[in-house]
Amino acid sequence: MDEVDEETNAEPVCIVCKLGCNDSGGVKVCKQSTWKSMKRAASIPQGLTSDRFSNTTAEINVREHYDDKCLYHSVCLKNFTAVKRPALTPSIEEVASSKNSVPETRSRTSLPETNERGVLEAECIFCGKSKKKWKKSNEPLSECVTMDGCKSILDAAQKNDDQRIMSIFLTGGDPIAKETKYHRSCRRAYLKSSETNTAQNNPLSSRRNHFETYKIISPFIHNEIINAKKTLLASSLFELYTAEYISSGGFQDDIETYTIHSLTSKLKDTFKDSLCISLMNKRQGNIIYSAAMSQQAAEASLHADSESFQQNNQIRSVALILRALILGISNTKTPERTSVHTLKLASPDLPEPLKLFYKTLFSGLCENRESGSNDAIERRVIACASDAVYNNSRGKVRPWKHTALGLGMGTLTGSKTILQMLNRLGHTISYDEVKGIETEFAYTCSYENVETPDGMRLEDGYGTGLAWDNYDVNILHATVGICYQNKSPQAYQSENVEMRVGRKRRRFDGSERDIQPFCIPLKRAKFQLDYPSDEESHSPIKLQNIDFHWFLQSTQAKLPLFTGYYSNFVRDNLPQQTICYMEPISAFPTRNDVVREAMNRSLKVADETRQEYATVTYDLAVALKAYSIQVLKAPRFDNLLILLGNFHLELSLFGAIDTFLDESGAGYLLTESGVLAEGSLTGFIGGKFYNRCTRVHQILANTMERLLYQQYVNTKPSDDIDELMMIVENAPSDQLMTEQYLQENETFQNHLSSYDTYFNEVMNGRLGPTASFWAMYIFMVNRLYRDLQLAVRTNDVSLYVSLLPAVVDIFFGLNRPNYARWGSLFFHNLKNCNDRIRELLDLGAFSIRRTGRNFARSSIDMTLEQTVNRDAASPMRGMVSYRNSDNAMRRWSITTTQRRMSVSELRNLLGMESGEHPAKQLCPGRIKKDNSAMSALTDTVTNACDPFTNPATESNKLLNIATGKSASDGTQVYLLKALQRGHEKHQKFQNECAEDNQRFLKPISRTTVENFVKENRKKKKKTSMAVAKVAAENSRDVFGRILLVASETIPSFDLKHILFFPVTDVPLCLAHSDGSLVKTQKSEFMKTLETRQTELLTRTSLPVIDATLIDGGLLLHTELLFAKGTYGNIARHILSKVCACRGKAIHVLFDKYNDSSIKQVERTRRGTDGTPFVIAGPEQLPKQSGSQLLKNGNFKDEPARFLLRKWTKDHYGFIIGQKTIYAFYGGHCVKLTHDSMIGSVLAEEPENLQGDHEEADTLIAFHVASIGGNILIRASDTDVLVILLGMLGTQSETERSSRRLIMDCGAGNNRRYIDISNLADELEKKSIGLAAALPGLHAFTGCDFTSSFYRKGKVRQLAMMEEDDSGRYLQAVRSLMSQQPPDEVGLSSLVCAMYGQK
């Protein structure tokens, strides 16, 4: 096309818009083909109701030919020729106008005629023509050959209300049989017209749906076809497009008017040269593939991937169908009155097809598959279907699973992070939604102004009670409480749920109620107690039938502990109880005004639940104030029964029992037997850990009673015991029948009475003080505490009242004055309460049943600790994070019921509350563990010290069963008279309070505790060294003043005269200022002596050794420092080391540690520990490192005793082999040999080696003198070398040469051999008698029990003796070793010479 010449005079204009050059570009000259298009467009304007190009149309129709002045813009030509006007084929407007009775256009024809056979004429049913030009070619007629094609045309006709087309398809027979024909272009236009009408009738535009669908399908094509170079059938792509269109909100009727050709055309316009569309064959149609592929490669890829593509398309189609169902669910709203029940009702139902899909996915067509039970599959189906609904709706639809999981996990963990993680995975609602629902819970619960928590029935007869306690974590102090009542069988009824309208609420705006101050001093309260009755004074606590029946069975079979066993006999007829949290009070519970406020709220709850009386439970700290306020504000709180929490009362009882038991040896035996870890001993003794105390005390008491019962059995004929066991075995299993059977059996009752009598006699001293002590412990645990648990677990108020005086006796006897005082008042109030309160307690208000198990009730304050206090103290789900917000604390408390219900719903949804679990004590693993613990403890006690057998029963002293150490008289009296003393003090206190109502609050005198702890406690007193140090400092100060005064008053004075007076009691040349000995390095003396050798020995140059002597102390130090395992393993290891030594005879010589010894000063200096220690058996494990153990002098005795005892066992014979072992300890020597013929170890006591030696140093010399041959001494002590040299120095040269003594000393790289015989000869050559004088020199210059000279060692004095030709010094030193008085002059000369004086 040529551009118009810009140099013409007239400006060229467009024939259509009548304008010149504009933004659309320059004008162009019309050509022949362009003119034909314009003439054809202008020739058919009749069907248009309006034509904005009418002037242009008229001008073109008038002109016959075009010329150079016929100019146009490209855009204008496109608009003119593309205007909607009647053409040879019917347009969308023409077809749509049929239902609006639009006047016929030239495209509208009458109903086609049929021939005599009823076959339609060969013309298009839409345009009425047999021939039609389409894209410059004749378009052939197509024939309806499928029912789906006929249905699509009929549906379009019905949408357009086209009676003509409808009559063709609905009258005169089958349209296929009538050979109905059409042009494909006409059919597409007709179907589009129906789509346009549908879009006009629906509020959501189908064009918008097509736009969104195409926006989704385009990336799919780009990734799956272009990038991945895959081939896809156009028909398969169109199926996906259709499914996506419907899932995005479109209608099936709309998509039916959309064709594959329309989709592929749009794809060509979008992807242009990146995508290719070509015909594969007439059956499969077009294929779509990447332009980077050839058609042959595309067809080959289609064949290769056809199966996987078909499968993927089917999966996508199903997914899109399910997505359409999900998107049709209405959004979830929050109910106006929000509760767990209404939330569940407001949750949407899951689509059945979606559930069917997952059910088929998980179990196939058969439900009973190995993948799990039907219930498990159903849970998974609901979970996955709920996730699909929640994630497809983007959280707008909240299935019940997501709501329950969010609320449940929020309650159980309180973790925002966990909820965020689950929400991001699409498993639950968000954290903000959870908190919003909890806020709605709070508003719903606080809708009515009532004190009773949500979830409680406001009716009488349900045993409603309350409990309050302190919640104290970090800086948060609050008073929290629970309300409990029996559960009602009535369930929720279905109701219509009204949805809430308005903004979501996250914050709860509540108001804290004002608390009126309480200004009356509590000391004004006066309490009047009753005089003690005879029944209280003389009511014994005896062994019950079931108790004794269980005990006898447990001695023969592995049974659970008493609590678990008794749960099989007791049937709790009272219902389970509901526990709800009271609204907290943001203040300390021990404040007087807070205590009164809690009491007022308790009365209000009783009034709202229509009870005449109320019960409230406190711990001691709050109860003592509540009792005083009740008296001071009478009669306001006369209808309120204040209960002292039994859980805290039991803890105090444990504390009293542990005061009685502490350091008696029980803790050691429990840790050694493995029943109790060493780190847990402190908590057990302190009574701080309830569960641990309960279990360990039962195990310990049962073990001790078994040992006691064994002694009782020994006093009875065996036939009587056999008859009793037969009766026990034949007892029925039913509770009532068992009790009746045992009660009516005379033999059983006689035996029970006899054993009870024997038990009381043992408590009174029949078997000695030690047995009496442990019988008292058995009474406190297996009689008193067991019955106390029985009363609480069975809600038996009468039994509890009968036991309280004995409990208070223990509090008085073992220094628990607070519980002794207020426990007496608690007993008085409980005993004297009226019948209506007793009925309330018997109804279930005395204890709480939280589970359906029998014998599982718990004390009220324990339940409070396990519910509100535990939940509140949790760092995640508690009130810790709310300490700065009272409203948040209130929301947490008043929504507890609903939050706990959400946890129950979650458990039900997960199938985790199908039934009750058995009691923990009845689990097979627990039964095995408890019985193993009792067996191990029995063995440990038997190996250590059985308190009911000899020697404990023969001693008139109370013994520590771990160490055997006897207690002092004061400790024995304090412990054995504890129960009697407590009973007497209790009686006295009651009498005084009955006589004087002001006596109750006055102090109760304490008794000084004198138990085993006091016996073992180190007495802190000022040592003699400390006293000497103070005296020396005082003397120094006095000496300084003397010098000062003398220098000022006397012109000239003799300082020598002043220094003549001593500053300390012991001269400073021999002692430090604190009086301690001056020590020197003995090892330097040994090294100096070693240098005198002329023959150096190595391991390979040693002569034949006949015997080896081993210092036992060195042996323990070298082996125990790195020993591992039990003491039995250590004994085996040490014996192996001993037997590996040279020589046929091996002597192992141990020190003996006496309490009074000349070495006590040295032991004190070394910091030796004197804690009692016992090695009970070979399976005992060392509880400390070897270095720590060896600091204990008592421990050093124990390994020696243990080794001598164990090495005599026959199974050590294979280690001994052909060796002969001599083991010496404490004056007793044993010779051990192995007889291989009989396979046993023979133990003899050689007479020549028996003797009393405290130190192994002298013991080695004793054995050297008693045996012959070459001897190797394994020792590292200088004392041993000096003693042996002194012994050889007294022998003649002939005697010394008859054998060789060699010392093996040192360790590791410093290990070496000293030829003692050669050294003695060399010393004697140097100076005759020098070797014999060495022990005297060693003692004179400082040893373990003598002081050395200040800054003067042994080496210098040895050199002085060697250099003294006169022999004066040598004789003076040797005089120290004789029976005669020492040579003081010679010794003085030696000392003066040592300090440089003559």
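Cut-offs used in this document
- Residues numbered from 1 in each chain as written.
- Predicted model: local features only at pLDDT ≥ 70, side-chain atom pairs only at ≥ 80, totals over all residues.
- Heavy atoms only, no water.
- Helix = DSSP H or I, 4+ residues; strand = E, 2+ residues; numbered from the N terminus.
- Buried < 20%, exposed > 50% of the residue type's maximum accessible area, 1.4 Å probe, protein only.
- Contact = heavy atoms within 4.5 Å.
- Areas by Shrake-Rupley, 256 points an atom, 1.4 Å probe, with all protein chains shown as cover.
- Pairing = 2+ DSSP bridges.
- pLDDT = per-residue confidence, 0-100.
- Salt bridge = Lys/Arg side-chain N within 4 Å of Asp/Glu carboxyl O.
- Phe/Tyr/Trp six-rings, centres within 6.5 Å; stacked < 30°, edge-to-face > 60°.
- Lys NZ or Arg CZ within 6 Å of the ring centre and 35° of its normal.
- Core = buried A, V, L, I, M, F, W, Y, C linked by side-chain atoms within 4.5 Å.
- Polar contact = N/O pair within 3.5 Å; in protein donor to acceptor, adjacent residues only side chain to side chain.

## What about the overall build of the protein?
Here comes step 1: Looking only at helices and strands, one finds 58 helices and 20 strands in the protein.
Here comes step 2: Here the protein, with 1398 residues, has 50% of them falling under the buried criterion.
Here comes step 3: For the protein, the share of sequence-separated contacts (at least 6 apart) that also reach a separation of at least 24 residues comes to 74%.
Here comes step 4: Total accessible area on the protein is roughly 69,100 Å²; 50% of this is exposed by carbon and sulfur atoms.

## Here's the deal with the sheet that holds strand β6 (residues 275-281)
Paired through backbone hydrogen bonds, the strands of a sheet run either parallel or antiparallel to each other.
Here comes step 1: In space, the three strands of this open sheet follow the order β5-β7-β6, with antiparallel pairing throughout. Looking at which strands have only one partner, the edges of the open sheet turn out to be β5 (232-233) and β6.
Here comes step 2: The pairing of β5 with strand β7 (residues 285-290) spans two bridges and is classified as antiparallel. Paired with L232 across the strands is I288, a residue of β7.

## Re the confidence of the model for the protein
Here comes step 1: The pLDDT averaged across the protein works out to 80; a share of 82% of its residues lies at or above 70.
Here comes step 2: Throughout residues 1-9 the model reports pLDDT below 50, and contacts reaching past four residues in sequence, or to other chains, amount to 10 contacts.
Here comes step 3: Segment residues 84-110: pLDDT under 50, and 56 contacts once partners within four positions in sequence are set aside and those in other chains are kept.

## Quick word on the pattern of salt bridges
Here comes step 1: The tally for this structure, following the rule as stated, stands at 30 salt bridges.
Here comes step 2: Two residues, D593 and R591, come together in a salt bridge whose shortest N-O distance is 2.7 Å.
Here comes step 3: On the basis of relative accessibility, which here comes to 37%, the residue R591 falls in the partly exposed class.
Here comes step 4: Salt-bridge contacts for E1362 lead to R1092; the nearest nitrogen and oxygen are separated by 3.0 Å.

## Remarks on the packing of aromatic side chains
Here comes step 1: Within this structure, the stated rule accounts for 36 aromatic pairs.
Here comes step 2: Between the aromatic rings of Y712 and Y755, the centroid separation amounts to 5.3 Å while the plane-to-plane angle is 65°, which identifies the pairing as edge-to-face. Here Y712 is found in helix α27 (residues 690-714), whereas its partner Y755 is found in helix α30 (residues 746-763), with 43 residues between them in sequence. For the pair formed by Y712 and Y755, the shared burial category is buried.
Here comes step 3: Here the aromatic residues F548, F551, Y709, Y712, F748, Y755, Y758 and F759 are joined through ring pairs into a cluster of three or more.
Here comes step 4: The positively charged end of K266 is found above the aromatic ring belonging to Y214, 4.7 Å away from the centroid.

## Some thoughts on the environment of I321
Here comes step 1: Within the element layout of this structure, I321 appears in helix α12 (residues 295-327).
Here comes step 2: The class for I321 is exposed, based on a relative accessible area of 53%.
Here comes step 3: Spatially, the C-alpha atoms of I321 and L354 are 9.5 Å apart, while their sequence positions differ by 33 residues.

## Details of the nonpolar core
Here comes step 1: If you look at the biggest cluster of nonpolar residues, it comprises 165 residues, and the most contacted ones within it are Y618, W774, Y800, L830 and F948.
Here comes step 2: Among residues more than four places away in sequence, those in contact with Y618 are W468, V595, A598, M599, A623, A626, I642, L643, L644 and G645.
Here comes step 3: The next biggest cluster of nonpolar side chains, apart from the first, holds 53 residues, and it includes Y1222, A1275, L1301 and V1373.

## Overview of helix α6 (residues 163-170)
Here comes step 1: All of the buried residues along α6 are R164, I165, M166, I168 and F169.
Here comes step 2: The N-terminus of α6 is capped by D162, whose side-chain oxygen sits 3.3 Å from the backbone nitrogen of R164.

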